[in-house]
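Descriptive analysis of the structure
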Amino acid sequence: MNLSIVVPLYNEVESIVELKDWVSRVVAKMNIAYEIIFIDDGSNDGSWGLVEEMAAAHKEVLGIKFRRNYGKSAALFSGFKAANGDVVITMDADLQDNPDEIPALYNMIAEEEYDLVSGWKQKRHDPIGKTLPSKLFNRTARVISGIKLHDFNCGLKAYKKDVVKNIEVYGEMHRYIPILAKRSGFNNITEKVVIHRERQYGVSKFGMERFLKGFLDLLSVSFISKFGKKPMHLFGGLGTLMFLVGFIASSYLGINKLYHVYHGIKMQLLTTSPYFYIALTSMVIGSQLFLAGFLAELVSRNSPDRNQYHIEKEVNL
């Protein structure tokens, strides 16, 4: 199998047939073996019925239906797991991603041997309420990850098969797949300017809460990238530093008290000094951080059921 096209969808009944036909016209000219995998993320508008009809009529169409809405990351994870192509391309189902970009993206992976090619919607047809926060997140992601991409969250991406089989997409991590890929050792990452089309059907499925979730997931993936295998390096280091600061401060207070007692100089009780409690608190917190790091070393960060989703139906799989 040369190419797998993974399409997450949620209530996209107006566009998925048109998308499938457009993709088929484009890929037919490439003369390669391909499959289109639709992942229905708990739609309630009849989208799955259309997927079943397309799968019955076209053997290259595959479908996965979630029993409920899990989110885009879950859909991509399941699509990646099912993909058989040497090159995997992801795109949204709302027709804002242009299928005419597929041949160029495919060649960048198959011939130029990039690990991952991320689309860059240089000219976006979205309201300013989406574009400005997106620019802020992309700039933050560039600084934290060191990956020079302008649009981490573009749904139109191309991957080597090895990439999608070696990354775990969960939570809202679909925004940061390039960071996950780099963390897994795939460093040959680039971007391509792609056409972003105006929305023709429906409305955006993502609300304002996605910005908070995206920021928190960026912190999470950054932490895991640096300290996922050795959390003791972070918690133990901070704990040791805080404990030493508290210990040195309390030692100074104790020595100072003994000096005054030895020379018969009156001095207030240590327990009346706020610095004593600050030093004691620093030692306690430092000890707790150290123990947290030690326990984190013993406990696997990967939950055994993190990516177990209730799939109701499958077709052609």
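The structure under discussion appears in the preceding block.
First things first, this report covers the structure right here in the doc. Just so you know, these numbers come straight off a predicted model, no measurement behind them.

Right, let's talk about helix α4 (residues 102-110) for a bit. Listing the buried residues of α4 in full gives I102, L105, Y106, M108 and I109. For α4, the buried positions fall inside an angular range of 160 degrees around the axis, keeping them on one side. Where α4 is buried, its residues meet β1 (3-9), α1 (16-28), β4 (87-90), β5 (116-120), β6 (157-160) and β7 (189-193).

If you trace the backbone, Q96 turns up in the loop between β4 and α4. On the accessibility criterion, Q96 (6% relative accessible area) is buried. Residues Q96 and Q200, spaced 104 residues apart in sequence, show a C-alpha to C-alpha distance of 7.9 Å. Reaching out from Q96, the side chain makes a polar contact with the side chain of H196 at a distance of 3.4 Å.

The next subject is the environment of W22. Tracing the backbone through its elements, the reader meets W22 in helix α1. Linking W22 and L95, residues 73 residues apart in sequence, is a C-alpha distance of 9.7 Å. If near-sequence neighbours (up to four positions away) are discounted, W22 is found in contact with L95, N98, P99, D100 and R197.

What follows covers the nonpolar core. Counting 37 residues, the largest nonpolar core has L3, V27, F38, I89 and I102 as the members making the most contacts within it. Contributing elements (two or more residues each) for this core: β1, α1, β2 (34-40), α2 (47-57), β4 and α4. With six residues, the top contributor of residues to this core is α1. Apart from residues lying up to four places away in sequence, L3 is in contact with V27, I32, A33, Y34, E35, G85, D86, V87, I89, I102 and Y106. Ranked by size, the runner-up nonpolar core spans 34 residues in total, among them F80, L149, V163 and I167.

Attention now moves to unusual backbone geometry. Among all residues save glycine, negative phi is the norm, and among peptide bonds the norm is trans. Unusually for a residue other than glycine, L95 sits at a positive phi of about 70 degrees. By secondary structure assignment, the location of L95 is in the loop between β4 and α4. L95 sits in the buried class, given a relative accessible area of 0%. At E113, a position not held by glycine, the phi torsion is positive, near 60 degrees.

Another aspect to go through is the packing of aromatic side chains. Under the counting rule described, the total for this entry stands at four aromatic pairs. Both rings, one in F66 and one in Y70, keep their centres 5.2 Å apart while their planes meet at 90 degrees; by these two values the pair is edge-to-face. Ring geometry for F276 against Y277: centres 5.3 Å apart, planes inclined by 80 degrees, an arrangement best described as edge-to-face. A relative accessible area of 42% places Y277 in the partly exposed class.

So, about the pairing of β4. With burial as the criterion, each face of β4 is covered, one bearing V87 and I89 and the other bearing V88 and T90. Note: β1 against β4, four bridges, orientation parallel. Its bridge partner lying in β4, S4 is registered against V88. Judged from the four bridges that link them, β4 and β6 form a sheet pairing that is antiparallel. Paired with T90 across the strands is K157, a residue of β6.

Moving on, we come to a nonpolar patch on the surface. On the surface, a cluster of nonpolar side chains totalling about 370 Å² of accessible area is made up of F243, L244, F247 and I248. You can see F243 is positioned in helix α9 (residues 232-262).

How each quantity is defined
Residues numbered from 1 in each chain as written. Predicted model: local features only at pLDDT ≥ 70, side-chain atom pairs only at ≥ 80, totals over all residues. Heavy atoms only, no water. Buried < 20%, exposed > 50% of the residue type's maximum accessible area, 1.4 Å probe, protein only. Helix = DSSP H or I, 4+ residues; strand = E, 2+ residues; numbered from the N terminus. Arc of directions from axis to C-beta. Contact = heavy atoms within 4.5 Å. Polar contact = N/O pair within 3.5 Å; in protein donor to acceptor, adjacent residues only side chain to side chain. Core = buried A, V, L, I, M, F, W, Y, C linked by side-chain atoms within 4.5 Å. Phe/Tyr/Trp six-rings, centres within 6.5 Å; stacked < 30°, edge-to-face > 60°. Pairing = 2+ DSSP bridges. Patch = residues over 30% accessible without salt bridge, like charges linked within 9 Å, V, L, I, M, F, W, Y side chains within 5 Å. Areas by Shrake-Rupley, 256 points an atom, 1.4 Å probe, with all protein chains shown as cover. Salt bridge = Lys/Arg side-chain N within 4 Å of Asp/Glu carboxyl O.

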